[in-house]
Amino acid sequence: MLQTDLSLYNNSPFNPGGSAVKRLLWYYVNAVFLKSGLLPSSSFKVFLLRLFGAKIGKGVTIKPGVNIKYAWHLTVGNHTWIGENVWIDCLVAVTIGNNVCISQGAVLLTGSHNYKKKTFDLITQPVTLEDGVWIGAGAMVNLGVIAASHAVLTSGSVATKNLEAYSVYQGNPAVKIRERIII
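Residues numbered from 1 in each chain as written. Predicted model: local features only at pLDDT ≥ 70, side-chain atom pairs only at ≥ 80, totals over all residues. Heavy atoms only, no water.

1. Here's the deal with the pairing of strand E19 (residues 174-179)
Applicable threshold: Any two strands with at least two DSSP bridges between them are considered paired. Numbering of helices and strands runs from the N terminus, with a helix taken as a DSSP run of H or I at least four residues long and a strand as a DSSP run of E at least two residues long.
Sheet analysis places strand E18 (residues 167-171) next to E19, joined by 5 bridges and oriented antiparallel. Among the inter-strand pairings, Tyr 169 is bridged to a residue of E19, identified as Lys 176. Taking the residues between adjacent antiparallel strands as the criterion, E18 and E19 are bridged by 2 residues.

2. Notes on the pairing of E18
Of the strand pairs in this sheet, strand E16 (residues 152-153) and E18 are connected by 2 bridges, and their pairing is parallel. Opposite Leu 153, over in E18, you have Tyr 169 as the bridge partner.

3. As for the sheet that holds strand E8 (residues 101-102)
The 7 strands lie next to each other as E2-E5-E8-E13-E16-E18-E19, forming an open sheet whose pairing is mixed. Edge positions in the sheet fall to strand E2 (61-62) and E19, since each of these pairs with one other strand and no more.

4. Some words on the state of the cysteines
Heads up, the condition is: Criterion for a disulfide: a pair of cysteine sulfur atoms within 2.5 Å.
Overall, the coordinates contain 0 disulfides when judged by the stated rule. There is no disulfide at Cys 90, and the cysteine sulfur nearest it, in Cys 101, is 18 Å away.

5. A word on the layout of surface pockets
Which entries qualify depends on this criterion: Cavities and pockets were defined on a 1 Å grid built over protein atoms only: a cavity is a set of grid points that admits a 1.4 Å probe from which the probe cannot escape, a pocket is an open set flanked by protein on both sides within 12 Å along at least five of seven lines, and lining residues are those with an atom within 4 Å of any such point. Grid points are joined across faces, edges and corners, and a volume is the space filled by probe spheres set on the points. Put simply, Ala, Val, Leu, Ile, Met, Phe, Trp, Tyr, Cys and Pro go in the nonpolar bin, Asp, Glu, Lys and Arg in the charged bin, and everything else, Gly too, in the polar bin.
In this model, the largest pocket occupies a volume close to 170 Å³. The wall of the largest pocket is formed by Arg 23, Trp 26, Tyr 27, Asn 30, Ala 31, Lys 35, Asn 67, Ile 68, Lys 69, Tyr 70 and Trp 87. Counting residues per element, the ones that place at least two in the lining of the largest pocket are helix H1 (20-35) and strand E3 (67-68). In terms of residues, the lining of the largest pocket owes the most to one element, H1, which gives 6 residues. Of the residues contributing to the lining of the largest pocket, the split by class is 6 nonpolar, 2 polar and 3 charged.

6. Here we look at the nonpolar core
Under the convention used in this document: Definition of nonpolar core: a set of buried residues of the types Ala, Val, Leu, Ile, Met, Phe, Trp, Tyr and Cys, connected through side-chain atoms within 4.5 Å. Accessibility here uses a 1.4 Å probe with only protein chains present; expressed as a share of the type maximum, an area under 20% marks a residue as buried, one over 50% as exposed, and anything in between as partly exposed. Contacts are residue-level and defined by heavy atoms, with any inter-residue pair within 4.5 Å sufficient.
Judged by nonpolar contacts, the single largest core of 44 residues is most densely connected at Leu 49, Leu 74, Ile 88, Ile 96, Ile 102 and Leu 129. At the level of secondary structure, the elements contributing two or more residues to this core comprise H1, helix H2 (42-51), strand E4 (74-76), strand E7 (94-96) and strand E12 (127-129). Ignoring any residue separated from it by four or fewer positions in sequence, one finds Ile 102 in contact with Trp 81, Ile 82, Gly 83, Val 86, Ile 96, Leu 108, Leu 129 and Ile 135.

7. What about unusual backbone geometry?
Note the cis peptide between Asn 172 and Pro 173, where omega equals 0 degrees. Tracing the chain through its elements places Pro 173 in the loop between E18 and E19. Here the phi dihedral of Phe 120 falls at roughly 55 degrees; this positive angle occurs in a residue that is not glycine. The topology assignment puts Phe 120 in the loop between strand E10 (111-113) and strand E11 (122-124).

8. Topic: the environment of Pro 126
Here Pro 126 lies in the loop between E11 and E12. Along the backbone, Pro 126 and Gly 144 are 18 residues apart, and their C-alpha atoms lie at a distance of 5.2 Å. In this structure, Pro 126 is in contact with Val 92, Ala 93, Leu 143, Gly 144 and Val 145, ignoring residues within four places of it in sequence.

9. Quick word on the sheet that holds E12
The strand order across the open sheet built from 5 strands is E1-E4-E7-E12-E15, with neighbouring strands paired in parallel fashion. Pairing within the sheet leaves two strands with one partner each, and these edge strands are strand E1 (55-56) and strand E15 (146-147). The pairing of E4 with E7 spans 3 bridges and is classified as parallel. Following the sheet pairing, Leu 74 is matched in E7 by Val 94.

Such coordinate-based values are descriptive only and should not be taken to indicate function.
What follows is the structure, encoded as structure tokens:
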């Protein structure tokens with residue numbers, strides 16, 4: 001029976017975008033100004049993200065401890081909240097709509113590995129959170145998932161498939177438990 005052999009792993013087909021210098025600079029900017037709690041100001045974080053190619057709308061709140069892999073793959077709409085210790089692993093495009101709330105400790109993943117291959121190849125797919133989506137504290141959105149307009153992923157849940165509009169999802173894997181009715 002074949003076994004995984006990580007010595008054969010080859011990440012060269014993956015291109016994260018940006019030059020090596022840009023990626024290195026972003027690594028340190030992200031570590032000092034976003035991941036740390038040294039700078040609580042959202043406006044300066046938004047400035048830095050835009051400087052590195054992110055498309056960020058107006059009125060965006062970014063709390064301390066946020067980790068963003070490659071800013072140039074990130075698009076965020078207006079009046080969106082990104083909570084403490086959120087990890088946005090944007091190896092490829094992450095698109096976040098208007099009025100989205102990503103609660104503390106949530107994770108948006110765009111990458112994984114092909115466990116069926118001996119070489120454990122990298123797999124990437126974009127993530128989209130449409131307008132009005134709420135991702136609960138400690139929840140995880142896996143690669144390729146689209147959370148449709150005003151969907152809710154409850155705290156600690158794991159989205160492995162698309163979330164329907166105006167629906168509430170819970171569990172691991174997340175399943176629809178009810179409609180979301182906004183009053």
